[in-house]
Amino acid sequence: MPIALPVYELPQPDAKTVAVCVVVRAPELDAQELAAWHVLGKVLLDGTANYTLEDLFRFGGQGGVPPRVATSADFMIVSVGAPAGNAGLEVALDVAANLITKPELREESITKWAAAPREQSTWDLALMPQSVDSRQITPRLVRDLYQRAMVPERIAWAAAGKFEPATFAPMVESSVDEWSKARRSVTSTPRALRWETRSSARTTSLELRSAFPGQSAADFATNLLAAVALGAGKSSSLYRVIREQKGWSYFQQAVLWPVRSGWQARLFTLGTLTGPPLERCSEIAALLQADIAAWSDNDMARFSSIAQACLEGEFIMNPIWLTPSGSLSGSVSDDAILLALSQGSLSRPAIRAAIPALRLDLVQDAARRMAAGQPFIIQASGQR
Amino acid sequence: MARAISTSFLLFLAAFALGQADVIVKAPRLRKTMANGVRAVVEQVPGRRFSLQLFFSAKGLDVGVESAGWRHLWEHLAAKGPSGDVDRRLESVGGYLVPNTTRAATRFEINVPADRTDLAFAVAADLLKPRKFSAPELTGELPILQQEWDLTEPDRVVFRAAWTKAYGAARPDPMGSPLGWASASPSGLSLLDRELKSARRVVVTAAGPHDLDATMAKIESLCGSIPTDDPVELSQPIPTDLPAVASSGFIAAKHRNWSHRESWARFVAAQGLRVIDRTLQVGYTPASSDGLILVYGLGLDKWKNIAAEARERASEVISDGRLLALRWASSLRSDASDTAAVNGLLLAESSSASLTQAVELMGSLTDAEISAALTEWLDAKPSVVLP
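Bear in mind that the values here come from a model prediction, so they are computed numbers and not experimental data. (Residues numbered from 1 in each chain as written. Chains lettered and ligands numbered in written order. Predicted model: local features only at pLDDT ≥ 70, side-chain atom pairs only at ≥ 80, totals over all residues. Heavy atoms only, no water.)

## Thoughts on the overall build of chain A
Then, number 1: Within chain A one finds 14 helices and 11 strands.
Then, number 2: When the 384 residues of chain A are sorted by exposure, 58% land in the buried category.
Then, number 3: Approximately 15200 Å² of chain A is accessible, and the part contributed by carbon and sulfur atoms is 52%. (Helix = DSSP H or I, 4+ residues; strand = E, 2+ residues; numbered from the N terminus. Buried < 20%, exposed > 50% of the residue type's maximum accessible area, 1.4 Å probe, protein only. Areas by Shrake-Rupley, 256 points an atom, 1.4 Å probe, with all protein chains shown as cover.)

Here is the structure:
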């Protein structure tokens with residue numbers, strides 16, 4: 001019996017390239033395992049049974065960019081681009097499938113990446129506050145984690161770009177069916193997670209975090225407009241109120257962040273903090289709530305224009321982040337990632353089509369939930 | 001009609017030689033220096049976005065890190081526009097403004113959908129108007145600059161150390177310093193505004209899917225009446241409060257100018273090193289002369305091993321370096337905003353170079369030239385700047 005793999009496709013006849021994306025949902029991870037997860041993401045690109053690092057770089061880069069692997073606490077995302085057409089799709093799938101099913105995981109490669117100290121900026125730390133020191137990571141831990149994480153039920157496959165419709169699923173099946181059947185699912189016993197906290201910092205990121213399902217285009221679009229209004233661009237609430245009026249931050253942004261259960265809306269301010277951080281978070285929440293109440297239909301038109309530009313990957317402070325590497329770019333690769341992350345429920349055209357029907361009061365409600373301010377995440381980092 | 005004469009003449013000759021004289025091919029790029037001294041470049045880049053960029057050249061202006069910082073403070077204030085509504089207007093159509101200050105120039109990047117070039121020019125006209133700044137405006141901006149200062153990231157520290165080692169005070173860090181910002185006065189900044197907006201310092205670039213002649217005509221209309229005042233002399237401000245920066249986190253090489261083959265060979269070889277160790281990074285900001293190429297990143301800790309492996313695999317480093325360098329250039333050329341930025345940064349330093357020339361030059365490098373450059377890198381030690 002073939003195993004039913006979640007496979008999604010978005011053929012785009014006008015595209016110049018194709019992209020294959022593989023999203024792996026992370027298993028439950030403690031602090032050390034999360035560090036190993038990030039190392040695993042790096043090590044995958046150092047070579048597979050069929051492709052050396054050189055091959056991956058040259059052969060896999062035919063779509064203009066080399067294969068990429070991004071890791072967050074919730075996902076590992078592999079994306080590979082190739083020239084348009086089914087031949088390109090086959091190439092991209094073969095490279096992606098090799099990275100998932102046949103990585104070499106060489107000891108020296110793991111040791112190298114585990115030993116590499118991660119120089120993280122304040123923004124990196126704000127986005128992924130769970131990142132921890134990887135110097136204690138052993139090859140065995142990384143290999144065990146690979147065995148535990150890379151099981152078919154954790155993996156979704158997606159393709160976007162120019163190729164024949166309904167051809168991707170059979171390709172995936174023929175490429176990884178044997179591997180899928182051979183893989184035994186490894187379930188882990190729930191454990192109390194251990195986290196380290198950081199202190200003694202010069203700069204601080206304050207985050208107001210909330211969650212929303214985002215499983216329909218209309219729900220996602222509503223939250224996108226709310227995020228735009230609160231924290232995308234210099235006409236946003238965070239920029240106008242928190243930076244320009246209060247001088248409390250230099251950098252501020254809203255981020256829509258994918259997690260296993262759906263999406264998080266994350267409102268960040270980065271800067272030097274004077275006074276107790278919890279009080280400052282409460283003040284920010286109150287200021288945002290007051291600003292939301294003053295939004296008008298004229299503002300709605302601006303939110304919509306910015307949201308449309310964000311969906312094209314053409315706005316500089318885009319709140320849609322599919323991976324920790326950066327915001328939505330409008331590439332076919334990101335189309336494939338969005339499709340796989342949302343289990344086929346979201347695409348840029350569908351979200352775009354939902355925007356004109358949105359009402360100001362609904363966007364304000366979504367924004368109020370985002371700015372409600374529970375929980376507050378406070379992350380300190382020392383720089384310079 | 002001002003036109004890149006040599007390019008269009010060659011295209012004409014080529015068409016004539018092929019017996020296709022009835023096919024008129026327009027040059028993809030136009031350049032013009034106006035009677036008042038304003039310089040402009042417009043270029044075709046396919047896509048949905050139009051990028052109009054204003055550059056205010058810093059050539060000969062920065063006499064220390066503090067005066068570079070004054071340009072940075074001026075950038076913060078001037079970018080709001082005289083009515084304070086620049087961002088709201090642009091964002092209403094899905095556009096945006098990015099201001100930044102580099103060693104070459106202070107730059108206002110206006111990006112809009114390709115069918116809203118009218119708004120881009122209206123905003124540019126506002127940003128070019130003479131400004132006078134008040135004390136409350138200055139003091140209101142200081143906490144924000146202090147926040148920016150506090151958020152200085154590790155990469156920037158490495159860059160600052162490398163530039164200081166390479167050029168000393170001749171090319172000061174453009175961010176400035178807290179004491180330098182605090183020493184700025186409203187009248188001083190208003191004078192700086194006059195100096196930066198003098199026609200001899202203004203460069204305008206545009207890129208996107210647009211009609212080059214029409215865009216150039218609009219730029220002429222935008223800038224044709226900008227006056228050229230007598231130069232303002234900046235005196236050396238109070239001594240620096242910048243801490244001494246020491247870092248061994250780089251190996252750097254001077255990039256002399258855009259027609260210097262050895263400099264581009266160094267750039268290609270540096271790119272190739274990334275294949276030996278993916279944690280290495282290459283930093284380079286386009287500058288027509290006195291630029292800097294940096295190799296930095298986590299791999300430098302193991303530089304001895306990397307250098308040994310790179311010597312063994314020199315032919316791969318060279319061929320992959322070519323590939324990565326050309327990817328870098330083609331990614332810049334495919335984006336309207338990047339194309340306009342590179343054109344402006346070069347022109348702000350009075351260079352007639354272009355990305356196309358850089359690509360052609362890199363493509364013509366021999367393996368021997370890149371190999372020599374690679375040897376220079378591999379013989380160097382961390383914190384060294386190759387002359």
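More follows now that the structure is in view.
## Structural notes on the overall build of chain B
Then, number 1: If you tally the helices and strands in chain B, you get 15 helices and 10 strands.
Then, number 2: Counting only residues that meet the buried cut, chain B has 57% of its 387 residues in that class.
Then, number 3: Long-range contacts, defined as pairs at least 24 residues apart, comprise 82% of the intrachain contacts of chain B with a sequence gap of at least 6.
Then, number 4: When the accessible area of chain B is evaluated, it comes to approximately 15500 Å², of which 57% is carbon and sulfur surface. (Contact = heavy atoms within 4.5 Å.)

## Focus: the pairing of strand E1 (residues 29-33) of chain B
Within a regular strand, the side chains alternate between the two sheet faces.
Then, number 1: Pairing of E1 of chain B with strand E2 (residues 39-44) of chain B involves 5 bridges; the strand directions are antiparallel. If you follow Lys32 of chain B over to E2 of chain B, its bridge partner there is Ala40 of chain B. (Pairing = 2+ DSSP bridges.)

## Re the interface of chain B and chain A
Then, number 1: In this assembly, 40 residues from chain B lie in contact with 48 residues from chain A.
Then, number 2: Buried surface at the junction of chain B and chain A, both sides included, amounts to about 3700 Å², of which 52% is carbon and sulfur.
Then, number 3: Of all residues in chain B, the largest losses of buried area upon contact with chain A belong to Glu91, Gln147 and Arg278 of chain B, amounting jointly to 19% of the total for that side.
Then, number 4: Linking chain B with chain A are 7 salt bridges.
Then, number 5: Inspection of the chain B/chain A interface yields 17 residue pairs in polar contact (both at pLDDT 80 or more).
Then, number 6: Put simply, the parts of the chain that give the side of chain B that touches chain A at least two residues each are helix H3 (86-91), strand E4 (96-101), helix H5 (135-150) and helix H12 (314-333) of chain B.
Then, number 7: With 8 residues, the single largest contributor to the side of chain B that touches chain A is H5 of chain B. (Buried area = accessible area lost by both parts, 1.4 Å probe. Salt bridge = Lys/Arg side-chain N within 4 Å of Asp/Glu carboxyl O. Polar contact = N/O pair within 3.5 Å; in protein donor to acceptor, adjacent residues only side chain to side chain.)

## Concerning the pattern of salt bridges
Then, number 1: Inspection of every chain in the model, using the stated rule, returns 45 salt bridges over all chains.
Then, number 2: Where Asp74 of chain A meets Arg260 of chain A, a salt bridge forms, and the shortest distance between an N and an O atom there is 3.0 Å. Here Arg260 of chain A lies in the loop between strand E7 (251-259) and strand E8 (262-271) and Asp74 of chain A lies in the loop between strand E3 (68-71) and strand E4 (75-83), a separation of 186 residues in the sequence.
Then, number 3: You can call Asp74 of chain A buried: its relative accessible area is 13%.
Then, number 4: Here Glu309 of chain B and Arg313 of chain B are joined by a salt bridge, their closest N and O atoms 2.5 Å apart.
Then, number 5: Here Glu309 of chain B falls in the partly exposed class, since its relative accessible area comes to 32%.
Then, number 6: What you see here is one network of salt bridges that share partners, running through Glu312, Glu314, Asp335, Arg348 and Arg352 of chain A together with Arg48 and Arg49 of chain B.

## Overview of the sheet that holds strand E7 (residues 250-257) of chain B
Paired through their backbone hydrogen bonds, the strands of a sheet run either parallel or antiparallel.
All names here are of chain B.
Then, number 1: Strand order in the open sheet formed by 4 strands is E8-E9-E7-E10, with mixed pairing between adjacent strands. Each edge of the open sheet carries a strand with a single partner, namely strand E8 (280-284) and strand E10 (385-386).
Then, number 2: Note that E7 and strand E9 (residues 289-297) share 7 bridges and pair antiparallel. Its bridge partner being in E9, His255 is matched across the sheet by Gly291.
Then, number 3: Helix H6 (residues 154-167) rests against E7, E8, E9 and E10 of the sheet, and its axis sits at about 135° to E9. (Axes fitted to C-alpha atoms, helices over the stretch in contact; angles between N-to-C directions.)

## Describing unusual backbone geometry
Then, number 1: Of note, the phi angle at Ala166 of chain A is positive, near 65°, even though the residue is not glycine.
Then, number 2: Even without being a glycine, Gln343 of chain A presents a positive backbone phi close to 50°.

## Things to note about the nonpolar core
Residue and element names in this part refer to chain A.
Then, number 1: One finds Phe220, Leu224, Leu256, Leu267, Trp295 and Ile351 to be the most contacted residues of the largest nonpolar core, which totals 72 residues.
Then, number 2: The biggest single contributor to this core is helix H8 (residues 217-231), with 10 residues.
Then, number 3: Discounting chain neighbours no more than four positions away, the residues touching Leu256 are Phe212, Phe220, Asn223, Leu224, Ala227, Trp263, Gln264, Ala265, Pro319, Ile320, Trp321 and Met370.
Then, number 4: With 51 residues, the next largest nonpolar core counts Leu29, Val69, Ala97 and Ala149 among its residues. (Core = buried A, V, L, I, M, F, W, Y, C linked by side-chain atoms within 4.5 Å.)

## Regarding the pairing of E7 of chain A
All names here are of chain A.
Then, number 1: With 8 of 9 residues buried, E7 is to be regarded as a mostly interior element.
Then, number 2: In the sheet, E7 pairs with E8 via 9 bridges, with the strands oriented antiparallel. Of the residues in E8, the one forming a bridge with Phe251 is Leu270.

## Remarks on the environment of Pro382 of chain B
Then, number 1: You can see Pro382 of chain B is positioned in the loop between helix H15 (367-379) and E10.
Then, number 2: Here the alpha-carbon distance between Pro382 of chain B and Leu191 of chain B, two residues 191 residues apart in the chain, equals 42 Å.

## Details of the confidence of the model for chain A
Then, number 1: Mean pLDDT for chain A: 87, with 89% of residues reaching 70 or above.
Then, number 2: Contacts for the low-pLDDT stretch residues 186-201 of chain A, under 50 throughout, to residues beyond four places or in other chains number 29 contacts. (pLDDT = per-residue confidence, 0-100.)

## Some details on the confidence of the model for chain B
A low pLDDT means the predicted coordinates there should not be read in detail.
Residues and elements named next belong to chain B.
Then, number 1: Summarising the model, chain B shows a mean pLDDT of 85, and 89% of its residues fall at 70 or more.
Then, number 2: Across residues 1-21 the pLDDT falls below 50, and counting only partners more than four positions away or on other chains, this stretch makes 19 contacts in the model.
Then, number 3: Both confidence scores are given for the complex: pTM 0.85, ipTM 0.84.

## Focus on helix H12 (residues 332-341) of chain A
All names here are of chain A.
Then, number 1: Counting buried residues along H12, 10 of its 10 residues qualify, which places the element largely inside the surrounding structure.
Then, number 2: Listed as buried for H12 are Val332, Ser333, Asp334, Asp335, Ala336, Ile337, Leu338, Leu339, Ala340 and Leu341.
Then, number 3: Downstream of H12 by one or two residues, Gln343 has phi in the positive range, about 50°.

## Some words on the sheet that holds strand E1 (residues 7-11) of chain A
Residue and element names in this part refer to chain A.
Then, number 1: Reading across from one edge, E1-E5-E2-E4-E3 is the order of the 5 strands in this open sheet, with mixed pairing throughout. Edge positions in the sheet fall to E1 and E3, since each of these pairs with one other strand and no more. Sheet twist, expressed as the mean angle between neighbouring strand axes with direction ignored, is 15°.
Then, number 2: Contacts from helix H1 (residues 31-44) reach strand E2 (17-25), E3 and E4, with the element oriented near 20° to E4.

## Section: helix H14 (residues 360-370) of chain A
All names here are of chain A.
Then, number 1: Taken as a whole, H14 has its buried residues at Leu360, Val363, Gln364, Ala366, Ala367 and Met370. Buried residues of H14, seen end-on, are gathered within an arc of 160° and therefore sit on one face of the element.
Then, number 2: Those residues of H14 that are buried are in contact with strand E6 (203-212), H8, E7, E8, helix H10 (277-293) and helix H11 (297-311). (Arc of directions from axis to C-beta.)

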